Amino acid sequence: MTTQSGRLNGPVVRNRWLGASRRSIARGLLLITMVCLLFPVYWLIQSALSTNLELFHSPAYFFPPHPTLAGLRDAWQIISGGLWHSLIISVGTVLLSLFLAITAGYGLLLARAQRVGGLVRVMVLFGLVFPTITFVIPLDKILYTLHILDTYQGVILADSLYSVPLGVLIIYTYMLAIPEELIEAAQVDGASSLRVLWKIAIPIAQPAIATAAIFAFLSAWGDFRSEERRVGKECRS
C-alpha cells in the first residue's frame, strides 16, 4: 500500500515542481520585459533632470547628482506655442468629427436600410484604403478658394475629412445594436428624433463615440505634414 502511494505521489510532486518552475520562469521573463520597457522612460526622465555637463558625462550617471528643471523650462518656452496650436486643432477636429459622425450614423440608423448601410460601409472602407496624401492638392485648392488655407478652420476641416469616415463606420456599426422597438417606443411617447438621439442613441453609443474621439484626436495631433502645409507662421483665427 505504501509503495503504491509513493508511486502516485511521485508524479504529483513532479507536476507541482514543473508548474512552479514554469511560473517562476514566466514571472522572470515578465520582469525582464517590464524593465526593458520602463528603462527608456526612466532614462528620458533622468536626462530631462540633468544638466548638459551631466548629460554628456562619461561614464553616464544613472541618477543626476544635481537635478534641475532648467531644461524642462527651456523646452517649454520653445514648444509651448506649438502645443497650443496642436491642442486647438485637435480639439476642434474631435468636436467637428463627432458632430458629423454621430448625426450621419444616427441618420443611417433611422433609415434602417440594410443595402444602403452596407453600401456606406463599403464606401468608407474603400476610402480608407487610399493614402491621405492623394487628397492634398484638391483639398488645398478648396481651402484656398474658401480663403481658409492659413487658418485654424482650414486645418480642422482638413483633418475632419480624414476622421469622419472612420467615425461614421464605428458609430453607425455600434448603433445597429440599438433595438428598433426602443426607438419606436420613444417616438410613440412623443419624443422627437433629436430627443431620441440625445437621450437614447448617444448614451448607448458612448463607447463607440469615445473610440471615434480618440482616433480623431490622435490623427489630428500627429498630422504634422498637414498642419505645416496649411498653417502659416502665425495661424490666423
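Check the entry above for the structure.
Below, the structure is looked at part by part. Positions within a chain are numbered from 1, following the residues in the order the chain's sequence is written. Confidence filtering applies because this is a predicted model: local features only for residues at pLDDT of at least 70, side-chain atom pairs given and counted only at 80 or more, and all residues used for totals across whole chains, interfaces and linings. The basis for every side-chain value is the complete set of heavy atoms in the structure, and neither hydrogens nor water enter the calculation.

### Structural notes on the layout of surface pockets
Rules: The definitions used throughout rest on a 1 Å grid laid over the protein atoms alone, on which a cavity is an enclosed set of points accommodating a 1.4 Å probe that cannot get out and a pocket is an open set flanked by protein within 12 Å on both sides along at least five of seven lines; lining residues are those having an atom within 4 Å of a point. Grid points are joined across faces, edges and corners, and a volume is the space filled by probe spheres set on the points. Working definition: helices are DSSP H or I runs of at least four residues, strands are E runs of at least two. Numbering for both runs from the N terminus. Three residue categories are used. Nonpolar comprises Ala, Val, Leu, Ile, Met, Phe, Trp, Tyr, Cys and Pro, charged comprises Asp, Glu, Lys and Arg, and polar comprises the others, including Gly.
Approximately 300 Å³ is the volume found for the largest pocket. Taken together, 19 residues line the largest pocket, and the ones lying closest to its centre are Leu128, Leu161, Tyr162, Ser163 and Pro165. Elements with a contribution of two residues or more to the lining of the largest pocket: helix H4 (114-129), helix H6 (152-175) and helix H9 (206-221). Considering every element that reaches the lining of the largest pocket, the biggest residue donor is H6, with 7 residues. Per-class residue counts for the lining of the largest pocket are 14 nonpolar, 5 polar and no charged.

### A word on a nonpolar patch on the surface
Quick note on the threshold: Residues enter patches when they are more than 30% accessible in relative terms and free of salt bridges; like-charged ones are connected within 9 Å and nonpolar ones (Val, Leu, Ile, Met, Phe, Trp, Tyr) within 5 Å. Where accessible areas are quoted, they stem from the Shrake-Rupley method and a 1.4 Å probe; at the residue level, only the protein chains shown are allowed to cover. Each salt bridge in this description consists of a side-chain nitrogen of Lys or Arg and a carboxyl oxygen of Asp or Glu lying within 4 Å of one another. For the exposure calls, accessible area comes from a 1.4 Å probe over protein chains only, and a residue counts as buried if that area is under 20% of its type's maximum, exposed if over 50%, partly exposed in between.
Where nonpolar side chains cluster on the molecular surface, the patch consists of Leu31, Met34, Val35, Leu37, Leu38, Phe39, Tyr42, Phe62 and Phe63 and spans about 930 Å² of accessible area. Along the chain, the position of Phe63 falls in the loop between helix H2 (52-55) and helix H3 (70-111). For Phe63, a relative accessible area of 56% gives the class exposed.

### Examining the packing of aromatic side chains
Let me state the cut-off plainly: A pair of Phe, Tyr and Trp rings is counted when the ring centres sit within 6.5 Å of each other, with Trp represented by its six-membered ring. The angle between the planes then sorts it: under 30 degrees is stacked, over 60 is edge-to-face, the rest tilted.
Taken as a whole and judged by the stated rule, the model has 4 aromatic pairs. Judged by centre distance (5.9 Å) and plane angle (75°), the rings of Trp43 and Phe62 are edge-to-face. Of this pair, Trp43 sits in helix H1 (residues 2-48) while Phe62 is found in the loop between H2 and H3, placing the two residues 19 residues apart along the sequence. With centroids separated by 5.6 Å and ring planes inclined at 20°, the aromatic side chains of Phe217 and Trp221 adopt a geometry described as stacked.

### Focus: the packing of helix H8 (residues 193-204) against H9
Here is the rule: All axes here are fitted lines through C-alpha atoms, helices being fitted over the stretch that makes contact, and every angle between N-to-C directions spans 0 to 180 degrees. For this classification, under 35 degrees means roughly parallel, over 145 means roughly antiparallel, 65 to 115 means roughly perpendicular, and everything else is oblique. We call two residues in contact whenever any of their non-hydrogen atoms come within 4.5 Å of each other.
Two numbers describe how H8 lies on H9: the axes approach to 4 Å, and their chain directions differ by 70°. Between H8 and H9, the interaxial angle falls into the category roughly perpendicular. Residues Ile202, Pro203 and Ile204 of H8 form the contact with H9, whose own contacting residues are Gln206, Pro207 and Ile209. Per-class residue counts for the contact of H8 with H9 are 5 nonpolar, 1 polar and no charged.

### Some details on the nonpolar core
Cut-off, in case you're wondering: For this analysis, a nonpolar core means a set of buried residues of the types Ala, Val, Leu, Ile, Met, Phe, Trp, Tyr and Cys, connected via side-chain atoms within 4.5 Å.
Core analysis: the biggest nonpolar cluster contains 27 residues, and Ile102, Ile171 and Met175 have the highest contact counts within it. Contributions of two or more residues to this core are made by H3, H6, helix H7 (180-188), H8 and H9. If you tally residues by element for this core, the top one is H3, at 7 residues. In contact with Met175, not counting residues within four places along its chain, are Ile102, Gly105, Tyr106, Leu109, Leu197, Ala201 and Ala205. Within the second largest apolar cluster, 5 residues are counted, among which are Leu139, Leu143, Ala158 and Tyr162.

### Here we look at empty space enclosed by the protein
If a probe the size of a water molecule is rolled over the atoms, the empty space left behind becomes visible. Within this structure, the stated rule accounts for 1 cavity of 30 Å³ or more. There is about 50 Å³ of room inside the largest cavity. Every residue lining the largest cavity is listed: Trp43, Gln46, Ser50, Glu54, Leu55, Ala60 and Tyr61. Breaking the lining of the largest cavity down by element, the ones donating at least two residues are H1 and H2. Residue classes in the lining of the largest cavity are distributed as 4 nonpolar, 2 polar and 1 charged.

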